[in-house]
Amino acid sequence: MHAPHLTASVELPGLELAHVTVQPLPGERVLVVGARARWRPEGADRNAIVYDSDGHVVAEATLGDGISHVFTTHTGDIWVGYFDEGVYGNHG
């Protein structure tokens, strides 16, 4: 959140995503998205995690590979833009 001073700080233990984007969600939640995701025998990596204000995971999802941009709206909609590897699924 853009503000002239620190508004909140929450530790996210066990965060294993790399190259992350963090966006606010309604209800004092945040969306953390890792740019890359792989396909594994057990399924696709979940590279989108929603945390509550205490740092607890409340939801996980797969947004795909090759994420370049992530934005959220005040109503909780998520907009995702992909770079060329995301279109072609470089990691399966």
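Residues numbered from 1 in each chain as written. Predicted model: local features only at pLDDT ≥ 70, side-chain atom pairs only at ≥ 80, totals over all residues. Heavy atoms only, no water.

This brings us to the nonpolar core. Counting 7 residues, the largest nonpolar core consists of L25, L31, V33, A48, V50, I67 and V70. Elements with a minimum of two residues in this core: β2 (29-34), β5 (48-51) and β7 (67-72). (Core = buried A, V, L, I, M, F, W, Y, C linked by side-chain atoms within 4.5 Å. Buried < 20%, exposed > 50% of the residue type's maximum accessible area, 1.4 Å probe, protein only. Helix = DSSP H or I, 4+ residues; strand = E, 2+ residues; numbered from the N terminus.)

What follows concerns unusual backbone geometry. Despite not being glycine, H19 has its phi angle at roughly 55 degrees, a positive value. In this structure, H19 sits in the segment before β1 (20-25). The phi dihedral of E28 is positive, around 55 degrees, even though this residue is not glycine. Locating E28 in the fold gives a position in the loop between β1 and β2.

Once that is clear, we can look at the layout of surface pockets. Of the voids in this model, the second largest pocket is the one considered here, and its volume is about 280 Å³. For the second largest pocket, the lining is made up of 18 residues, of which E16, L17, R36, D45 and R46 are closest to its centre. Looking at the lining of the second largest pocket residue by residue, the classes come out as 6 nonpolar, 5 polar and 7 charged. (1 Å grid on protein atoms, 1.4 Å probe; cavity = no way out; pocket = protein on both sides within 12 Å on 5 of 7 lines; lining within 4 Å. Points joined across faces, edges and corners; volume = space filled by probe spheres on them. Nonpolar A, V, L, I, M, F, W, Y, C, P; charged D, E, K, R; others polar.)

What follows covers the pairing of β7. Relative to strand β8 (residues 78-82), β7 is paired through 5 bridges, and the arrangement is antiparallel. Within β8, the residue paired with H69 across the bridge is G81. Between the end of β7 and the start of β8, which pair antiparallel, lie 5 residues, with G76 showing a positive phi angle near 100 degrees. (Pairing = 2+ DSSP bridges.)

A separate point is a nonpolar patch on the surface. Residues L15, V20 and V22 make up a contiguous nonpolar surface patch of roughly 210 Å² in combined accessible area. Note on placement: V20 falls in strand β1. (Patch = residues over 30% accessible without salt bridge, like charges linked within 9 Å, V, L, I, M, F, W, Y side chains within 5 Å. Areas by Shrake-Rupley, 256 points an atom, 1.4 Å probe, with all protein chains shown as cover. Salt bridge = Lys/Arg side-chain N within 4 Å of Asp/Glu carboxyl O.)

The next thing to look at is the pairing of β5. Side chains A48 and V50 project from β5 onto one buried face, and the interleaved I49 and Y51 project onto a second face that is buried too. The pairing of β2 with β5 spans 4 bridges and is antiparallel. Within β5, the residue paired with V32 across the bridge is I49. Summarising the sheet, β5 and strand β6 (residues 57-61) pair through 4 bridges and their orientation is antiparallel. By the bridge assignment, Y51 is partnered in β6 with V57.

To continue, consider the environment of G55. Its location among the elements puts G55 in the loop between β5 and β6. The spatial distance from the C-alpha of G55 to the C-alpha of L12 is 5.4 Å, given a sequence separation of 43 residues. When near neighbours in sequence (up to four residues on either side) are disregarded, G55 contacts V10, E11, L12 and P13. (Contact = heavy atoms within 4.5 Å.)

On their own, these measurements won't tell you what the molecule is for.
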